[in-house]
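What follows is the residue order along each chain.
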Amino acid sequence: MIAYLPIILVFILYFSSIPIAYALFGSSLFYFAVIDTSSPVDLILQKFVTSTQSFPLLAIPFFVMAGSIMNYAGISKKLMQFADVLTGHMAGGMAQVNVLLSLLMGGVSGSANADAAMQSKMLVPEMEKRGYDRAFSTAITAASSAVTPVIPPGINLIIYALIANASVGRMFAAGYVPGLIMTISLMVTVSIISKRRGYQPVRETRAGGKEVFHQLRESIWALLFPFGIIAGLRIGMFTPSEAGAIAVLYCIIVGKFIYKELGKEHIIPVLRETIFGTSGVVLIIVSASVFGYYLNWERIPQAMASGLLTITQNKYLMLMIINVLFLVMGMFLEGGAAMIILAPLLVPVVTQLGVDVIHFGLICIVNIMIGGLTPPFGSMMFTCCSITRCSLQDFVKEVIPFIVALLISLILVTYIPIITLIVPNLLYGVA
Amino acid sequence: MHQAVKKVLSNFELIIASAAIIVTTALVMLNVFTRYFLRTGIYWTEEVATACFVWSVFIGAAAAYKHRAHVGVDMLVNLCPPKTKKAITIIVDFVLLLINGYITYIAVIYISLSYKKPTPVLGISTAYISSSILVSFALTTIYSVYFLIKDIRQPATGGTT
């Protein structure tokens, strides 16, 4: 039993307000300093070194930086106008624009929280002015931001590929269809609610072809971005981390010379966002690797795997159990952290049952995004509510239909593998 | 002038981390360009870029620690009455001090054992890279002491925010 003490300790530390990385450090160090001192301490530090000194990890700061630059380059305004000509005429026009904008933003920024924050500031006040309920506007902003990280180049897609030893290119390609399904299910939900409540379209008629084409041309540089990355990876022009560096260069050029909005004053905020965004995630990866050293020392992953496999050998039942596990973890932990801790433990189990590694990655990511919307600790929920000053109770009431929509998408992604695998299989051939 | 010095000092981790990440980005870009246009890669870029990245991550983590930017869940603690809340805060500060101090300690041991090992490409001491961990956690240890003292001095407040 004492072997499991560090796991309990993680929970105690975490719920007494210690950040998850430090909770993992603390409990693994407690194990090696107090419970089992037979492992030399410098081997633990070795984990700090080996888990960070990896070239593929460089993709994380690069794509964080690229997304941040695109944001300051005024791309979100351009994409919003594009979303507006496409969906403004539908019932609940502004809300539809909100959903579609998250999908489009997904192609440049890989972080749900960044998207949630940006849209809370940009769209929610505008929606309220047009008669939308504040809680509804906040809920749809938070819910739609769940789509952003599923679309390439989402940071979580990269992190999962690194953890699970999967191809980053395949992971990127796999995100499209699940992201589209989530978008469609949210838009249908918006449409149903808007018709019932009489939320009006933004424009009276569908935008004409000319106007659509004009807006398409305005935002084409951002829309092409993810396709360029995937094409470059596919033909082996560059590695994922190199793709990230090229992406940074691309965004600087587009922001500076085409949109002409990027200036010297943006250098410091971009760097600050890059440093904080990256070091936070990487520190969690390091701490999870130190914690994994303890888990492996006690052979807990093996025990857990055989435990899970004695419950069921059925692939579909297992995925259901894992989904529930992830949803519960996602309620309490920031999504990225839940994936970084759980994925290494679960990937061997599901691959043994014949689940594709890429498919499982998308299940994990869609899942943890839903966790970001639920109380008590959903991160997108907090981001949006704190910006729009919406009370959590009102938010929860309004977000439930959207969570249901996303859960339906999750079930589709889980049980119809072709949704995830069709694009990577077309691009790379069947694995 | 005085103001500027203060600003630099209070943000020095961010400045170091930013410089490191700029070097990382520039080197990786450079390598792609030389590979395509000069048909030859620069053999040491990958190692130096990774080393700069490691420095940027760990020094950046120290910066985030100083600005208390690492997210923790304080919802349960906030539900406690003011006195309990203050007690928990102080215990948490103390635990964090222990964790950071201990990592600093094992970093010293690790570096003293491994500094002779050369890096694979350039053959310089690995201590040039691993000392980033030591510097980072030495800094966070200092900040932990500072937060501990600050929180002890602060009167018990709040409760149900």
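Up top you'll find the structure we're talking about.
Residues numbered from 1 in each chain as written. Chains lettered and ligands numbered in written order. Predicted model: local features only at pLDDT ≥ 70, side-chain atom pairs only at ≥ 80, totals over all residues. Heavy atoms only, no water.

Draft legend 1. Highlighting the overall build of chain B. For chain B, the count of helices and strands is 6 helices and 0 strands. For 161 residues, the compact-globule estimate of 2.2 N^0.38 gives 15 Å, and the C-alpha radius of gyration of chain B, at 21 Å, exceeds that figure by more than 25%. Principal-axis analysis of the C-alpha atoms gives chain B an extent of 65 × 35 × 35 Å. Expressed as a percentage of the 161 residues in chain B, the buried residues total 44%. Of the accessible surface of chain B, which amounts to about 8700 Å², a share of 72% is contributed by carbon and sulfur atoms. For chain B, the distance from the average site of its 13 positive side-chain charges to the average site of its 6 negative ones is 5 Å. (Helix = DSSP H or I, 4+ residues; strand = E, 2+ residues; numbered from the N terminus. Rg over C-alpha atoms; globule rule 2.2 N^0.38 Å. Buried < 20%, exposed > 50% of the residue type's maximum accessible area, 1.4 Å probe, protein only. Areas by Shrake-Rupley, 256 points an atom, 1.4 Å probe, with all protein chains shown as cover. Lys, Arg positive; Asp, Glu negative; His and termini not counted. Charge placed at Lys NZ, Arg CZ, Asp CG, Glu CD.)

Draft legend 2. Up close: the environment of Q313 of chain A. All names here are of chain A. Tracing the backbone through its elements, the reader meets Q313 in the loop between α15 (300-311) and α16 (315-332). On the basis of relative accessibility, which here comes to 58%, the residue Q313 falls in the exposed class. Each C-alpha atom, one on Q313 and one on Q352, is 9.5 Å from the other, the two residues being 39 residues apart in sequence.

Draft legend 3. Quick look at helix α6 (residues 93-106) of chain A. Here α6 of chain A contains 14 residues, and its C-alpha end-to-end distance of 20 Å stays within 8% of the 20 Å for a straight helix at 1.5 Å per residue. Of all 14 residues in α6 of chain A, 14 are buried, a share of seventy percent or more. (Expected span 1.5 Å × (residues − 1).)

Draft legend 4. Geometry of the packing of helix α10 (residues 155-163) of chain A against helix α11 (residues 168-197) of chain A. Residue and element names in this part refer to chain A. Two elements in contact, α10 and α11, have axes whose closest approach is 9 Å; the angle formed by their N-to-C orientations is 140°. If you check the angle between α10 and α11, you find them oblique. The handedness of the crossing between α10 and α11 is right-handed. Side by side, α10 and α11 meet where L157, I158, Y160 and A161 of the first sit next to V168, M171 and F172 of the second. When the residues that make up the contact of α10 with α11 are grouped by side-chain class, the tally is 7 nonpolar, no polar and no charged. (Axes fitted to C-alpha atoms, helices over the stretch in contact; angles between N-to-C directions. Parallel < 35°, antiparallel > 145°, perpendicular 65-115°, else oblique. Left-handed = near helix turned anticlockwise from the far one by under 90°. Contact = heavy atoms within 4.5 Å. Nonpolar A, V, L, I, M, F, W, Y, C, P; charged D, E, K, R; others polar.)

Draft legend 5. Spatial organisation of the nonpolar core. Core analysis: the biggest nonpolar cluster contains 196 residues, and Y22, F25, F48, Y160 and F360 of chain A have the highest contact counts within it. For this core, the element with the highest residue contribution is helix α14 (residues 267-297) of chain A, accounting for 14 residues. In this view, F48 of chain A contacts F25, V286 and V290 of chain A together with F58, I103, I133 and F137 of chain B; residues no more than four positions away in its chain are not counted. (Core = buried A, V, L, I, M, F, W, Y, C linked by side-chain atoms within 4.5 Å.)

Draft legend 6. Seen up close, the interface of chain A and chain B. Facing the 52 residues of chain A at the interface are 56 residues of chain B. Note on chain A versus chain B: buried area summed over both sides is about 4600 Å², and carbon and sulfur give 82% of it. Here chain A is connected to chain B by 1 salt bridge. Two residues, E242 of chain A and R35 of chain B, come together in a salt bridge whose shortest N-O distance is 2.9 Å. Between the two partners, chain A and chain B, sit 3 residue pairs in polar contact (both at pLDDT 80 or more). At the level of elements, α1 (5-15), α2 (20-35), α3 (41-52), α4 (59-72), α13 (240-258) and α14 of chain A are the ones that each hand at least two residues to the side of chain A that touches chain B. The greatest single-element share of the side of chain A that touches chain B, amounting to 10 residues, is contributed by α14 of chain A. In terms of residue class, the side of chain A that touches chain B is built from 37 nonpolar, 12 polar and 3 charged. (Buried area = accessible area lost by both parts, 1.4 Å probe. Salt bridge = Lys/Arg side-chain N within 4 Å of Asp/Glu carboxyl O. Polar contact = N/O pair within 3.5 Å; in protein donor to acceptor, adjacent residues only side chain to side chain.)

Draft legend 7. Geometry of the packing of aromatic side chains. Throughout the structure, instances matching the rule amount to 26 aromatic pairs over all chains. Ring geometry for Y65 of chain B versus F147 of chain B: centroids 6.1 Å apart, planes at 45°, classification tilted. Here the residue Y65 of chain B occupies a position in helix α3 (residues 45-66), and F147 of chain B occupies one in helix α6 (residues 127-153), the gap between them amounting to 82 residues. For the residue pair Y65 of chain B and F147 of chain B, the accessibility class agrees, reading buried in each case. Their ring planes at 55° and their centres at 5.8 Å tell us that Y146 of chain B and F147 of chain B sit as a pair that is tilted. The structure contains a cluster of three or more aromatic residues connected by ring pairs, namely Y22, F25 and F48 of chain A together with F58, Y65, F137, Y146 and F147 of chain B. Lying over the aromatic face of Y259 of chain A, K78 of chain A brings its terminal NZ or CZ to 4.5 Å of the ring centre. We note R234 of chain A situated over the ring of Y428 of chain A; from NZ or CZ to the ring centre the distance is 5.0 Å. (Phe/Tyr/Trp six-rings, centres within 6.5 Å; stacked < 30°, edge-to-face > 60°. Lys NZ or Arg CZ within 6 Å of the ring centre and 35° of its normal.)

Draft legend 8. Looking closely at the side chain of E13 of chain B. All names here are of chain B. Residue position: E13 is located in helix α2 (residues 12-37). Residue E13 is classed as buried on the basis of its relative accessible area, which comes to 1%. Excluding anything up to four places from it in sequence, E13 contacts I59, A62, A63, K66, L139 and Y143.

Draft legend 9. Structural context of the side chain of S409 of chain A. Mapped onto the secondary structure, S409 of chain A falls in helix α20 (residues 392-415). Other than its neighbours up to four places away in sequence, S409 of chain A contacts I181, M182 and S185 of chain A.

Draft legend 10. Summary view of the packing of α11 of chain A against helix α12 (residues 209-234) of chain A. Residues and elements named next belong to chain A. Contact geometry for α11 and α12: axes closest at 9 Å, N-to-C directions at 140°. Classified by the angle between their axes, α11 and α12 sit oblique to one another. Seen from above, α11 lies across α12 with left-handed handedness. Note on element contacts: α12 touches α11 through P226, F227, I229, I230 and L233, opposite G169, F172, A173 and Y176. Its residues assigned to classes, the contact of α11 with α12 comprises 8 nonpolar, 1 polar and no charged.

Shape is all these values report; function is a separate question.
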